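# Fold and geometry: a report
Chain residues, written in single-letter form:
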Amino acid sequence: MREFYVIHKERIDRLLFLAIVIVGFYLLFAVFFVYIAPFFWGLVIALVMEPLNRLLSNKMRIKRWVSSMICLALFIAIFASLGVWLISTLARQARAFSEAAPQHIEEITARLDEANIWIDRFSERLPYGLYVPPVEEIVPAAVTFLFGDTARVSGLRTIGSIGDYFLILILGLVSAYFFMADSTKILAFFKNVCPEWLFRQISQTKIGLVRALVGYFRAQGILMLIVGAICIAALFIMGSPYALLLGILFSFLDFLPAIGPGLILVPWIIVSLLMGNVTQAVWLLVLYVAIILVRHILQPKILGVQMGAHPLAVLVAIYIGFRVFGILGIIIGPTILMIYVVLRESGEENCMTQQSAKSA
């Protein structure tokens, strides 16, 4: 048994490392994520800002804790500016909608009355005992069918959890600073407690994994550009005065698997139907279907090209990740696949190096 391990040591270590990664992802995101969410997002922020932090500390000779403060302040400023822009834009749109709300309410009420009259006439032609409920009962039932029985309770719970989200935000930002300022100490501690073979596997896959992650986000950027271009073109043809703004918004929403453009498009379609604007509703439905098709058809192909994996493997990774981890699995699944691809490439490189050394 020991001889078998010695002969196949590198391959066994890679398979064991992949198994540890899969189990680690499962424990992290499916079991313990609710307890470590602020620190996970803090680590993500630190990794995103690390290139700038390294530039300031190494090239410009700024102390690490000062450069970390600068990077964190810059991150907060960027996202605060985006938040202010988004809130101000939504406020302007809400004010414009509230000014026209009486007319919209009157039109919707008239359409509801017409729909109920049509339902009454249709019900009269049905056999005795069959009943078609009015629109006032159909709409809540449809919402319950689409979003579940706890849709309203979940919304209220979300509103009531604003304090928890604020605490997560504060802890995430504070932990991001410590991750950036003390990255050397944290890495040294991790190296001391981590087994040597495991740390060696991490070091071997780090460069390839970074390359794969860059490819992943490059693929997502390409998909966002495609979705944004489709949305802007469709909305421009529809004559929307906010075609550019909505197209950019839809492309960003499409990047968020838990939200998606349906957050805006589905209510927009329903309101258009209630107001009798069937043409606009059809256009919006076609746009929504086009976004879904583009995302699900092109995503495996583009991700496969950027990651160096077959599109079918990417599709399988996305589906299994979604079934195991939920919404986050859409990202976790391809990430695990990227780690496997990097491990396979590193193994092939080692084999080639050993063969060349033997031949020499």
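Now for a description of the structure that goes with this document. (Residues numbered from 1 in each chain as written. Predicted model: local features only at pLDDT ≥ 70, side-chain atom pairs only at ≥ 80, totals over all residues. Heavy atoms only, no water.)

The secondary structure content of the protein amounts to 14 helices and zero strands. In sequence order, the secondary structure elements of the protein are arranged as α-α-α-α-α-α-α-α-α-α-α-α-α-α. The 360 residues of the protein split such that 28% are buried. When the accessible area of the protein is evaluated, it comes to approximately 23,900 Å², of which 72% is carbon and sulfur surface. (Helix = DSSP H or I, 4+ residues; strand = E, 2+ residues; numbered from the N terminus. Buried < 20%, exposed > 50% of the residue type's maximum accessible area, 1.4 Å probe, protein only. Areas by Shrake-Rupley, 256 points an atom, 1.4 Å probe, with all protein chains shown as cover.)

Before going further, it helps to examine the packing of aromatic side chains. Taken as a whole and judged by the stated rule, the model has five aromatic pairs. The interplanar angle of 85° and the centroid separation of 6.3 Å between the aromatic rings of phenylalanine 33 and tryptophan 41 together place this pair among those described as edge-to-face. Overall, phenylalanine 33 belongs to the buried group, its relative accessible area being 16%. Seen in terms of ring centroids, phenylalanine 40 and tryptophan 41 are 5.1 Å apart; in terms of plane orientation they differ by 70°. Their pairing is edge-to-face. Among the aromatic residues, those joined into a ring-pair cluster are Phe33, Phe40 and Trp41. (Phe/Tyr/Trp six-rings, centres within 6.5 Å; stacked < 30°, edge-to-face > 60°.)

It is worth spelling out the pattern of salt bridges at this point. For the structure shown, the criterion picks out two salt bridges. Salt-bridge contacts for arginine 64 lead to glutamate 50; the nearest nitrogen and oxygen are separated by 3.0 Å. Of this pair, arginine 64 sits in helix α4 (residues 64-124) while glutamate 50 sits in helix α3 (residues 33-59), placing them 14 residues apart in sequence. One salt-bridge network, held together by shared partners, links Glu50, Arg54 and Arg64. (Salt bridge = Lys/Arg side-chain N within 4 Å of Asp/Glu carboxyl O.)

Tracing the chain through its elements places phenylalanine 322 in helix α13 (residues 311-325). The exposure class of phenylalanine 322 is partly exposed, given its relative accessible area of 35%. As a C-alpha pair, phenylalanine 322 and isoleucine 332 span 10 residues in sequence and 8.3 Å in three-dimensional space. Leaving out residues up to four positions away in the same chain, phenylalanine 322 has contacts with Ile327, Gly329 and Ile330. (Contact = heavy atoms within 4.5 Å.)

These results come straight from atomic positions and should not be treated as a statement about function.
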